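What follows is each chain in one-letter form.
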Amino acid sequence: MGLAQSHRGPDGSRCVVAADGGATLGMNTLLIVDSTAALGPYVDDDSGLLLTFNGQVYNYRRQAAAWDIPLAAGETDAHLVLRAWAKFGPSCLDGLDGMYALAIYDTKIGKLFLARDRLGEKPLYWRLDGGRLAFASEVTTLTGYGPAPLVIRPEMVAIETPVGVDTPFQGIQLLAPATLLTFDVDTGSLEQRTFWRLEDLEPWRGDYRSALAEYSVTLAEQVPLRAPDGDFALLLSGGLDSSMLAYLMRPPVCVTVRYPGQDRLDESEIAATIARDIGAELVVIEPDIADFVAALPHIVTALDYPMGNASTFSEYMAYKAVADRGIRVVVGGIGPDEFLMGYIRHAIALFGPDAVLSAGLDAYRPLAAKLLYAAGERPDPVEAVTKLILRGPDPEERIRELVADALCRAGGDLARALTLVDLSTAWRPLVMTSDKLASAFAIERRSPYLARALVEFAYRLPSDYKICEPVASKRILRDAAMALGLPRKVWDTRDKLGFASPVPTWLTGPLASWTDAHIHAALTDVPIGMRQLLESGLKSDGRFDRTRTQALMAAAWYSGQKERAAA
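Residues numbered from 1 in each chain as written. Predicted model: local features only at pLDDT ≥ 70, side-chain atom pairs only at ≥ 80, totals over all residues. Heavy atoms only, no water.

Asker: How should helix H7 (residues 268–278) be read in this particular structure?
Answerer: Note: α-helices contain 3.6 residues per turn, so residues at a spacing of three or four share the same orientation. Burial in H7 covers these residues: Ser 268, Ala 271, Ala 272, Ile 274, Ala 275 and Ile 278. The buried residues of H7 occupy an angular sector of 165° when the element is viewed end-on, so they sit on one face. In H7, the exposed positions that point more than 90 degrees away from the buried face belong to Glu 269 and Arg 276. In this structure, the buried side of H7 is in contact with helix H6 (240–249), strand S13 (253–257), strand S14 (281–285) and helix H21 (488–491). Looking one or two residues past H7, Gly 279 carries a phi angle of roughly 70°, positive in sign. (Buried < 20%, exposed > 50% of the residue type's maximum accessible area, 1.4 Å probe, protein only. Helix = DSSP H or I, 4+ residues; strand = E, 2+ residues; numbered from the N terminus. Arc of directions from axis to C-beta. Contact = heavy atoms within 4.5 Å.)

Laid out in C-alpha cells, this is it:
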C-alpha cells in the first residue's frame, strides 16, 4: 500500500510490524526538518509505541521544553509526538500546533489511534473490512485494498464536492479534522471523538484598537514560525494575503502565474515589485492551453477524485515549477478569506446584494442576482447562504441542513456562521487540492494563516472587525499590515484575483470540441448520480462559470477509474 503513494515521500519507504503483531504501519518519508533524520515509522522502545506521521508540528521545540521531553540531534517533531503520547496519551494533541495526520499503535493495550489536525490540512482516509482497519493519505491507495464501489454523492452536483467524511467510494471515509479515532484490534470496536471546536470559543469582548494590537503581534509571531530553515518558495499572487506573507517571511523565491492576453488575471507587476522589495527571486509562469491539456490527467490522478477550485490549474503549474528548482516547501495564503470575510458571497450575505452592487462590484451581479428580491423583502439567513453557495440542485437539502447547523453552532452570529459554512463545504477541496497537488511533486505545502492562535482569534472577532463595508473585507488584516509598516501596495488592494485561470474560457472557446468529446465519452456509461454533473458541463453560463471545468474533470476521473478497473 505504501508504494502506491511513494511520491509523497521519495526519501524512503518503510514498513514496521508491531512487536505484538497487531498492526503494520508504513511511511513514505519526505525529509524537511533534518535531511539526516531516520526514516519513519518510529518506535519508542520504552513504551512500545509505534508512530507513522505526515506533516509538521511547528511548535515542537517549544513543546519539548514545556513538557520536559529531551530531543537528541537528528530527532524531529515526530519524535516529540511519540514521546508526548507515551507521557500524556491522546491529550497531547491539544498542545500540537501544526498540520498532521498520524497513526499510533500502542502494543500495551492493543489499540490503534488515528488523528488529524484541527483544520484538515493533511488528508487521512480509512476503511474497516472484516475487523481489519486500513488507512492512507490517498483514497486510491485504499481502493486497491479491497472492493470499493463508486457512490456518487448528491453534494458533488450541489457544491462540486463530497461533504463531511464522505468519499465517492463505498466503505472509505475521510477522518474529519480535529478528530481522534480509536480502534481496538482485538474486539474490532471503533470510536471517534472531536478534540477541538471553533464554536466552543468565547467571543472577543475588547475594542477594535486592542484587537488590532493583539492580532498584529500574533501575526508577527506566528507566521515566521512556518518558514523552514532551508529554501522555500511563496505562491505570490499580488493580493493582500500572499503579499503580507512575503514581507513577514522573506522567502528566497516567489512564484506567480500569469496568462498572456488575460490582463484581468495578471497581478505579476505588483508581484515583481514585492519580490524586489524583499530581495527574492521571482519566477513567473505563463501556462497555455497545451499545458492544460497535457496536465489534466496528472491533475485528476493527483486529486484522487473530482475536486478543485478556480486556481487548481495555476497552482499545479506553480508546484511543477517549484519542483523543477529542487525546492521542497511552498507557502501559500489560505485562511484569511474564510475567517475574515474575504469572499464576495460573504459581503452579499452580510450587507445584501443591492449594497454590494452599489459599491461598484458589478462583475458579481450573477451571484448577487441569487438574492435579488422585491423591495423590502429579504430571505432568511439560512436560505440566503444556501443559495449563495449552491452550484447545482440540492434535492435532499443536505446543504441547507449544513448551513442551518452552522448558524446554530455560531450562536446566531452570521459572520461566524459563514466561516463554519465554508469549513463544512468549500474548505475541504481548497486545502486538499493544495496538499494533493503539492504532494504529487514531493512538495510540502504550508499555510501560515492557519496557525491555531490566528484562526481562533479571527473566529472570535465581531463581524465589523472583519468587514465593515462590502468593499472592505479582511479589515483587521489590512490594518495589521499598516500597523506593521508594510507598503501601501500591500494593504490597499481590493479586487481579489488570486491564482484564477482562464480555463473556463478555454473550455468554451478553443477547447470546446475537445471538452465536449471527453464529456460525451464518459456519458456513455456513467452512473446515474454523475450524469447530471456531466450534462451540466455541456452548456455554460458564462466565461467565469466553472461548471464545465468540473464536468470535464469528473469525466476524466471516471474514464481513469474505468481504466484502473480494467487493468
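Asker: Could you clarify how one ought to interpret the sheet that holds strand S11 (residues 190–194) in this entry?
Answerer: Strand pairing in a sheet is mediated by backbone hydrogen bonds. Such pairs are either parallel or antiparallel. Strand order in the open sheet formed by six strands is S3-S4-S5-S6-S10-S11, with antiparallel pairing between adjacent strands. Of all strands in the sheet, those bounded by a partner on one side alone are strand S3 (42–43) and S11. Pairing of S3 with strand S4 (residues 49–57), which is carried by two bridges, proceeds in the antiparallel orientation. Residue Tyr 42 lies in a different strand from S4, and its bridge partner there is Leu 51. Where helix H2 (residues 77–88) meets the sheet, its contacts fall on S3, S4, strand S5 (98–106), strand S6 (111–116) and strand S10 (179–184), and the angle it forms with S4 comes to roughly 130°. (Pairing = 2+ DSSP bridges. Axes fitted to C-alpha atoms, helices over the stretch in contact; angles between N-to-C directions.)

Asker: Mind showing me how you'd approach the pairing of S6 here?
Answerer: Along a regular strand, successive side chains alternate from one face of the sheet to the other. By the criterion of burial, S6 is predominantly enclosed, with five of the six residues buried. Both S5 and S6 contribute to a ladder of six bridges, which runs antiparallel. Paired with Leu 102 across the bridge in S6 is Ala 115. Two strands pair when backbone bridges link them, and S6 and S10 are joined in this way by five bridges, in the antiparallel orientation. The partner of Phe 113 across the bridge, within S10, is Thr 182.

Asker: Could you clarify how one ought to interpret the sheet that holds strand S7 (residues 125–129) in this entry?
Answerer: Pairing in this open sheet of three strands is antiparallel, and the strands run S8-S7-S9 from one edge to the other. At either margin of the open sheet sits one strand with a lone partner, and together these are strand S8 (132–136) and strand S9 (172–174). Across the sheet, the axes of successive neighbouring strands diverge by a mean angle of 25°, strand direction being ignored. Judged from the three bridges that link them, S7 and S9 form a sheet pairing that is antiparallel. When the bridges of S9 are listed, Tyr 125 appears paired with Leu 174.

Asker: I tried to follow the environment of Ala 233 on my own but got confused; where do I start?
Answerer: Along the chain, Ala 233 falls in strand S12 (residues 233–235). Along the chain, Ala 233 and Val 253 lie 20 residues apart, while their C-alpha atoms are 4.7 Å from each other. Setting aside chain neighbours within four positions, we find Ala 233 in contact with Val 253, Val 255, Val 322, Ile 327, Val 329, Val 330 and Val 331.

Asker: Got a minute to help me understand the packing of aromatic side chains in this structure?
Answerer: Given two aromatic rings, their pairing is described by the distance between the two centres and the angle made by the two planes. Applying the stated criterion across every chain yields a total of 15 aromatic pairs. Ring centres of Tyr 125 and Tyr 305 lie 6.4 Å apart, and the angle between their planes is 80°; on these two criteria the pair is classed as edge-to-face. Residue Tyr 125 is found in strand S7, and its partner Tyr 305 is found in the loop between helix H8 (289–303) and helix H9 (312–324); the two are separated by 180 residues along the sequence. Judged by its relative accessible area of 1%, Tyr 305 falls in the buried class. Plain terms: the ring middles of Tyr 259 and Phe 313 are 6.5 Å apart, the flat faces sit at 35° to each other, and that makes the pair tilted. Placement of Tyr 259 in the loop between S13 and H7 and of Phe 313 in helix H9 is noted, with a sequence separation of 54 residues between them. Taken as a pair, Tyr 259 and Phe 313 share a single burial class, namely buried. Taken together, the aromatic side chains of Tyr 259, Phe 292, Phe 313, Trp 506 and Trp 514 make up a single cluster linked through ring pairs. (Phe/Tyr/Trp six-rings, centres within 6.5 Å; stacked < 30°, edge-to-face > 60°.)

Asker: Help me out: how do you make sense of helix H11 (residues 344–351) in this one?
Answerer: Of all the eight residues making up H11, six are buried; the element is thus mostly covered by neighbouring parts of the structure. Along H11, the residues classified as buried are Ile 344, Arg 345, His 346, Ala 347, Ile 348 and Ala 349. Contact partners of the buried residues in H11: helix H10 (336–339), helix H12 (353–358), helix H13 (365–368), helix H14 (381–389) and helix H16 (414–424).

Asker: Looking at this model, I keep getting lost on the packing of H14 against H16. Mind explaining?
Answerer: Two quantities define a packed helix pair, namely the angle between the helix axes and the distance between the axes. Following both chains from N to C, one finds H14 and H16 inclined at 40°, their axes separated by 12 Å at the closest point. In terms of axis orientation, H14 runs oblique to H16. Remark: the crossing between H14 and H16 carries right-handed chirality. Across the interface between the two elements, Pro 381, Val 385 and Ile 389 of H14 pack against Leu 414, Leu 418 and Val 421 of H16. (Parallel < 35°, antiparallel > 145°, perpendicular 65-115°, else oblique. Left-handed = near helix turned anticlockwise from the far one by under 90°.)

Asker: Help me understand the environment of Asp 68 in this model?
Answerer: Within the secondary structure layout, Asp 68 lies in the loop between helix H1 (60–66) and H2. Residue classification places Asp 68 among the exposed residues on the basis of a relative accessible area of 62%. It is 9.5 Å that separates the C-alpha atoms of Asp 68 and Ala 84, two residues lying 16 residues apart in sequence.

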